[in-house]
Amino acid sequence: MARIPGQQNRTIGTASPNFDTANPAYIRKYLRTYGLTPPRRETYEVQKTRCLQQLALKTTDIDKFLYLSTLRKNNVHLFYRLVTDHLKELTPLIYTPVVGEACQRWSEIYQQPEGMYLSWEDRGNLAAVIANWPQPNVEITCITDGSRILGLGDLGINGMGIPIGKLALYTACAGIRPEATLPLTLDLGTGNKAFREDPLYMGSRHDKISPEEEREFMDELMTALTERWPGIVIQFEDFKNPFPALERYRHTYTCFNDDIQGTGAVILGGVINAVKRSGLPCKDHRAVFLGAGSAGVGVAKQIVQFFMREGMTENEARACFYLVDTKGLVTADRGDKLADHKIYFARTDNNGQQFKTLEEVIEHVHPTMLMGLSTLGGVFTPQILNKMAEWNTHPIIFPLSNPSSKSECDFESAITHTDGRALFASGSPFQPFLFTNSAGETRTYYPGQGNNMYVFPGIGLGTILSKAVEVTDAMIYASGEAVAEALTPEEIELGYLYPDITRIRNVSVVVARKVIRAAQKDKVDRENALSNLDDAALDAWIRARMYDPHAEVRSLEREVGALLSSLGTPSPVNGQSYFEPHSRL
Ligand SMILES: NC(=O)c1ccc[n+]([C@@H]2O[C@H](COP(=O)([O-])OP(=O)(O)OC[C@H]3O[C@@H](n4cnc5c(N)ncnc54)[C@H](O)[C@@H]3O)[C@@H](O)[C@H]2O)c1
Ligand SMILES: O=C(O)C[C@H](O)C(=O)O
Ligand SMILES: [Mg+2]
């Protein structure tokens with residue numbers, strides 16, 4: 001395998017051969033793929049026409065998901081050219097929501113290896129197993145144990161679709177090279193009895209290991225990953241109880257938890273914009289959260305930080321939040337032992353009264369914001385939405401659970417039952433909606449997608465490029481602020497709370513820059529020369545390091561040409577085939 005000097009992470013002739021039919025003959029010969037693909041060198045336009053035709057022939061979402069997975073495996077650069085060009089149409093097929101169905105059916109639809117699986121039975125030997133990963137220069141990994149996949153419960157190793165989907169967005173949205181990403185699924189047993197009894201299930205058939213065993217396994221894993229790739233950024237994803245691992249590793253490894261911190265940041269971004277649009281100062285907001293898990297608590301804590309920056313004390317800010325779980329409003333005197341992560345938000349002003357249902361809580365609070373992180377599809381009923389509209393000029397309604405079937409309400413019902421006044425964002429995508437309000441005004445309403453995909457790619461990129469040794473709270477906060485600031489005047493005019501997804505690569509540059517600046521301030525960065533660049537120069541520096549699938553053939557030509565001339569072989573001219581058909585190369 002040749003490594004191109006001076007090019008971070010570019011490897012030629014990696015374990016996934018580059019079968020791009022856009023490669024000219026001499027590149028194919030260099031890569032030893034000459035003769036393994038049809039002879040004609042194709043333009044992207046021709047490649048795209050074929051792919052979109054084939055995709056259109058697939059009648060189900062899963063068939064489309066599988067088609068795109070195979071394309072990624074066989075022609076990775078074409079896959080990313082297609083995805084970056086058609087983000088709006090293709091993101092839902094390779095990520096949320098379709099990835100949810102793919103995970104539910106992973107063992108049934110499985111076709112090809114695309115990531116690493118590490119089992120509890122491999123403990124003691126994790127470094128040796130990790131050594132099997134064929135790519136030498138991994139910069140980022142996304143790890144799940146499959147124990148809480150979206151709002152779909154414990155899916156065991158079937159959760160692999162999530163790290164693959166998240167890392168595909170790291171590449172498409174933030175330009176991290178595909179071969180620098182490692183999807184990792186931990187096979188630590190599953191509480192999913194149906195899977196354990198399914199002959200097709202491809203993971204271990206025992207129950208989930210204990211928290212103590214999991215800690216032992218994770219300790220070994222973190223060491224093994226950083227020993228092989230010292231600068232690796234580690235993203236934890238969709239663990240049922242992710243708080244202990246985050247606390248244990250966050251100051252020792254370059255890691256973050258996407259569900260607590262990434263979600264906290266992206267919803268912070270949407271809330272900053274929604275609060276502005278609501279016309280109410282922070283101190284007049286009251287937020288009811290249905291769901292007090294990793295995402296609920298992560299988001300609420302991030303908004304507390306925002307309220308404090310707007311001049312409130314921590315106690316005043318915290319008092320604006322009412323968290324609801326399966327037992328009702330989280331209060332200090334509810335009589336059950338609260339999980340550690342809920343204690344911070346436990347109410348003490350309830351005068352001994354307990355509120356069991358969401359309806360009771362909202363009647364008690366008259367909230368200005370309603371956040372759904374509960375995995376309960378449709379639970380924001382028309383009655384609840386009507387109440388929100390009765391109490392607020394612009395109620396903030398964020399049904400954030402995924403996938404679409406778990407969304408606490410859909411966009412149409414949020415608009416219809418608030419007379420078009422809701423400030424809306426959902427975790428899964430919804431279509432724009434044409435609506436006539438009670439004043440007879442007809443217009444198209446645009447939903448926001450409050451999904452952590454707006455921040456994690458930029459957090460990863462900024463952390464990698466600054467060589468940060470830690471992902472600090474300030475870096476996470478900065479990513480959310482960057483999303484809020486990224487709205488254009490046109491997007492504000494149309495009522496958007498989040499930037500249009502088609503601009504996500506530009507948004508990721510801004511997120512990465514702000515993450516780098518925060519890392520510099522916290523003194524956790526190790527790429528110290530970046531401090532000397534002003535913002536425009538830093539943006540240009542970031543862009544220059546982003547993988548661009550459209551430039552791949554050209555840069556491969558340049559690099560192979562340079563390599564050949566350094567070996568004394570004249571470079572091919574204008575992409576013309578230099579070597580004779582049967583040349584040794
Ligand atoms: N939009 C995003 O970017 C984003 C990010 C992370 C998570 N999520 C979604 O948020 C949801 C929750 O994720 P999580 O990591 O917090 O999960 P979690 O398991 O940690 O928390 C779920 C919470 O919902 C509560 N809940 C469950 N059933 C309930 C009921 N019947 N009544 C009241 N409360 C109930 C639980 O008590 C728990 O507090 C998932 O659907 C996930 O897909 C969305
Ligand atoms: O995966 C997503 O779409 C967002 C989030 O991380 C989730 O767990 O729902
Ligand atoms: Mg997640």
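In this text the structure is predicted, and so the values were computed from the model without any measurement.

K.L.:
Describe in detail the coordination of the magnesium ion (ligand 3), supporting the description with residues and values.
P.N.:
Around the magnesium ion (ligand 3), the protein contributes the donor atoms E237 (OE), D238 (OD) and D259 (OD), which lie 2.0 to 2.1 Å from the metal centre. Binding-site remark: the magnesium ion (ligand 3) is held by donors from one chain whose sequence spacing is E-D-x20-D. With E237 in the loop between β6 (233–236) and α12 (243–249) and D259 in helix α13 (residues 258–278), this residue pair connects regions lying 22 residues apart in the sequence. Across this residue pair, the class does not change: E237 and D259 are buried.

K.L.:
How would you sum up the site of ligand 1? Please name residues and give values.
P.N.:
Every one of the 25 residues lining ligand 1 counts as a neighbour, but R148, K240, A292, S294 and A295 are closest to it. R148 has a polar side-chain atom sitting 2.6 Å from an oxygen atom of ligand 1. Taking S294, its side chain carries an N or O atom lying 2.7 Å from an oxygen atom of ligand 1. Look at ligand 1: alone it shows 860 Å² of surface, and the protein chains cover 86% of it. Mapped onto the shell around ligand 1, the elements with two or more residues apiece are α13 and α14 (294–309). Among the residues forming the shell around ligand 1, the class breakdown is seven nonpolar, 14 polar and four charged.

K.L.:
Quick rundown of the UniProt feature "binding site: (S)-malate" (unreviewed entry) in the protein? Include the residues and the values.
P.N.:
Look at the UniProt record and you will see "binding site: (S)-malate" (unreviewed entry) annotated at R148, N402 and N451. Structurally, N402 can be placed in the loop between β12 (396–399) and α19 (411–416). If we ignore the near neighbours within four places in the chain, the residues touching N402 are T96, L150, G151, G427, S428 and N451. Counting through the fold element by element, N451 comes out in the loop between β16 (448–449) and α20 (456–466). In this structure the side chain of N451 is engaged in a polar contact, spanning 2.7 Å, whose partner is the side chain of Y95.

K.L.:
Describe the site of ligand 2, listing the residues and the values that go with them.
P.N.:
By nearness alone, every residue bordering ligand 2 is listed as Y95, T96, R148, L150, K166, E237, D238, D258, D259, N402, N451 and N452. Here an oxygen atom of ligand 2 sits 3.2 Å away from a polar atom, N or O, in the side chain of Y95. The contact in question runs from an oxygen atom of ligand 2 to an N or O atom on the side chain of E237, over 2.9 Å. Looking at the shell around ligand 2, its residues break down into two nonpolar, four polar and six charged.

K.L.:
A description of the nonpolar core should follow, citing residues and the corresponding values.
P.N.:
Counting 125 residues, the largest nonpolar core has F289, F307, F321, M371, F398 and I542 as its most contacted members. Beyond its immediate chain neighbours, meaning those up to four positions away, F307 contacts C282, H285, M312, A317, C320, F321 and M369. One finds L126, I130, V138 and C255 within the second-largest nonpolar core, a separate group that totals 28 residues.

K.L.:
Now, about the UniProt feature "domain: Malic enzyme NAD-binding" (unreviewed entry) in the protein: what can you tell me, with residues and values included?
P.N.:
UniProt's entry tags residues 260–520 with the feature "domain: Malic enzyme NAD-binding" (unreviewed entry), counted in the numbering of this structure. Helix makes up 44% of residues 260–520 and strand 13%, whereas the separation of the span's terminal C-alpha atoms amounts to 23 Å.

K.L.:
So what about the packing of aromatic side chains? Which residues, and what values?
P.N.:
One pass over the structure, following the stated rule, counts 20 aromatic pairs. With 5.8 Å between their ring centres and 70° between their planes, Y249 and Y253 make a pair best called edge-to-face. A single burial state applies to Y249 and to Y253, both of which are buried. An angle of 55° between the planes, with centres 5.9 Å apart, marks the rings of F321 and F345 as tilted. Placement of the pair is F321 in strand β9 (residues 321–325) and F345 in the loop between α16 (340–343) and α17 (358–365), with a sequence separation of 24 residues. One exposure class covers both F321 and F345, and it is buried. An aromatic cluster of three or more residues is present, and its members are F289, F306, F307, F321, Y344 and F345.

K.L.:
An account of the sheet that holds strand β3 (residues 116–119) is needed here, citing residue identities and associated values.
P.N.:
Sheet strands pair by backbone hydrogen bonding; their relative direction is either parallel or antiparallel. Pairing in this open sheet of five strands is parallel, and the strands run β3-β5-β4-β6-β7 from one edge to the other. Here the strands that pair on one side only, and so sit at the sheet edges, are β3 and β7 (255–257). Ignoring which end each strand starts from, the neighbouring axes of this sheet average 25° apart. Looking at chain direction, β3 and strand β5 (residues 181–187) are connected through four bridges and run parallel. Along β5, the bridge assignment pairs S119 with D187. Running at roughly 160° to β5, helix α11 (residues 211–228) makes contact with β3, β4 (140–144), β5, β6 and β7 of the sheet. Running at roughly 75° to β7, α13 makes contact with β6 and β7 of the sheet.

K.L.:
Describe helix α2 (residues 44–57), and please don't skip the residues or the numbers.
P.N.:
Residues spaced three or four apart along an α-helix face the same direction, because each turn holds 3.6 residues. For α2, which comprises 14 residues, the first-to-last C-alpha distance of 20 Å matches the rise-based estimate of 20 Å (1.5 Å per residue) to within 8%. For α2, the complete set of buried residues consists of Y44, Q47, K48, C51 and L55. With its buried residues spanning 95° around the axis, α2 presents them on a single face. The exposed residues of α2 that point more than 90 degrees off its buried face are Q53, A56 and L57. Considering only its buried residues, α2 is in contact with α3 (61–74), α4 (76–85) and α5 (87–94).

K.L.:
Summarise the pattern of salt bridges; cite the residues concerned and give the values.
P.N.:
According to the stated counting rule, one finds 33 salt bridges in the structure shown. Between R41 and E557 there is a salt bridge, with the nearest N and O atoms lying 3.5 Å from each other. Linking R41 in the loop between α1 (25–31) and α2 with E557 in helix α25 (residues 552–566), this pair joins segments that are 516 residues apart in sequence. A residue is classified by how much of its surface remains accessible, and R41, at 41% relative accessible area, is partly exposed.

K.L.:
Tell me about the packing of helix α21 (residues 473–485) against helix α23 (residues 504–521), residues and numbers included.
P.N.:
Two packed helices can be described by the angle between their axes and the distance between those axes. Running from amino to carboxyl end, α21 crosses α23 at an angle of 145°, the nearest separation of the two axes being 8 Å. The element α21 and its partner α23 pack so that their crossing is right-handed. Judged by residue contacts, A474, M475, A478, S479, E481, A482, V483 and E485 of α21 engage V507, V510, V511, K514, V515, A518 and A519 from α23.

K.L.:
Describe empty space enclosed by the protein, and please don't skip the residues or the numbers.
P.N.:
Gaps between atoms show up when a probe of the same size as a water molecule is rolled over them. Across all of its chains, the model carries two cavities of 30 Å³ or more by this definition. In this structure, the largest cavity encloses a volume near 70 Å³. In terms of lining, the largest cavity is formed by F65, L66, S69, W106, I109, Y110, Q111, Q112 and E114. Those elements that provide at least two residues to the lining of the largest cavity are α3 and α7 (106–109). Sorting elements by how many residues they give to the lining of the largest cavity places α3 first, with three residues. By volume, the second largest cavity amounts to about 30 Å³. What lines the second largest cavity is simply F65, S69, R72, I94, G161, I164 and G165. Contributing elements (two or more residues each) for the lining of the second largest cavity: α3 and α9 (161–174).

Rules of the game
- Residues numbered from 1 in each chain as written.
- Chains lettered and ligands numbered in written order.
- Predicted model: local features only at pLDDT ≥ 70, side-chain atom pairs only at ≥ 80, totals over all residues.
- Heavy atoms only, no water.
- Donors = N, O, S within 2.8 Å, 3.2 Å for Na, K, Ca; no water.
- Helix = DSSP H or I, 4+ residues; strand = E, 2+ residues; numbered from the N terminus.
- Buried < 20%, exposed > 50% of the residue type's maximum accessible area, 1.4 Å probe, protein only.
- Near = heavy atom within 4 Å.
- Polar contact = N/O pair within 3.5 Å; in protein donor to acceptor, adjacent residues only side chain to side chain.
- Areas by Shrake-Rupley, 256 points an atom, 1.4 Å probe, with all protein chains shown as cover.
- Nonpolar A, V, L, I, M, F, W, Y, C, P; charged D, E, K, R; others polar.
- UniProt positions renumbered as here; feature names shortened; annotations may be inferred.
- Contact = heavy atoms within 4.5 Å.
- Core = buried A, V, L, I, M, F, W, Y, C linked by side-chain atoms within 4.5 Å.
- Phe/Tyr/Trp six-rings, centres within 6.5 Å; stacked < 30°, edge-to-face > 60°.
- Pairing = 2+ DSSP bridges.
- Axes fitted to C-alpha atoms, helices over the stretch in contact; angles between N-to-C directions.
- Expected span 1.5 Å × (residues − 1).
- Arc of directions from axis to C-beta.
- Salt bridge = Lys/Arg side-chain N within 4 Å of Asp/Glu carboxyl O.
- Left-handed = near helix turned anticlockwise from the far one by under 90°.
- 1 Å grid on protein atoms, 1.4 Å probe; cavity = no way out; pocket = protein on both sides within 12 Å on 5 of 7 lines; lining within 4 Å.
- Points joined across faces, edges and corners; volume = space filled by probe spheres on them.

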